[in-house]
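Residue strings, one per chain:
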Amino acid sequence: MSTHTIDTATVKRLVEARAIRGAAIIGQPGGWSVLLKYGMEERPLGIQRADRPRLWRSLDTCVDYLKEELHIGRIDLVDATQHSAAASLPGKSRPDAAERMRNAFAAAEHDRWFREQVEIGLQEADDPATKWIPHEEVERQFGELREKLRKQISQ
């Protein structure tokens, strides 16, 4: 369990229990983070599967997330002292998004290939030159073969 940040699922439970005492939006290089107060604790809202504060590029998006997703409508403080629009790390802004897009493209390509193979199979099934054996016939043939092998074993 994370010791520095608080995850979204926990925040939702705390909101339902009316345990959140306050929320602040804090400017960071590259965006905005959220600091939540509950009990005697004060922790940043973290990203999934990592103990790092979640960062929004847009203040509007951050506020919308608090209101729509977490149902936190009151924000006690907006501190833009450390905010700068430029990301603190050059290069890709969302390498995880790039990986997701590669995976989605690969899945779409596999789906296209699979559908093509099914179509070929269906066309071959309609071709009189391709002989398909009905399931019942295969079961009957293998039943006879099993019986023959059992007789050989018992001898």
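Residues numbered from 1 in each chain as written. Predicted model: local features only at pLDDT ≥ 70, side-chain atom pairs only at ≥ 80, totals over all residues. Heavy atoms only, no water.

J.: Help me out: how do you make sense of unusual backbone geometry in this one?
T.: At R18, a position not held by glycine, the phi torsion is positive, near 55°. One can find R18 in the loop between α1 (8-16) and β1 (20-28). Non-glycine residue H71 carries a positive phi angle of around 60°. Mapping H71 onto the fold places it in the loop between α2 (59-69) and β4 (77-79). (Helix = DSSP H or I, 4+ residues; strand = E, 2+ residues; numbered from the N terminus.)

J.: Could you clarify how one ought to interpret the sheet that holds β1 in this entry?
T.: What holds strands together in a sheet is hydrogen bonding between their backbones, with the strands either parallel or antiparallel. Read from one edge of the open sheet, four strands run β3-β2-β1-β4, paired in mixed fashion. Taken across any chain shown, the strands that pair with only one partner, and hence form the sheet edges, are β3 (41-44) and β4. In this sheet, neighbouring strand axes are inclined to one another by 20° on average, regardless of whether the strands run parallel or antiparallel. Direction of pairing for β1 relative to β4: parallel, over a ladder of three bridges. (Pairing = 2+ DSSP bridges. Axes fitted to C-alpha atoms, helices over the stretch in contact; angles between N-to-C directions.)

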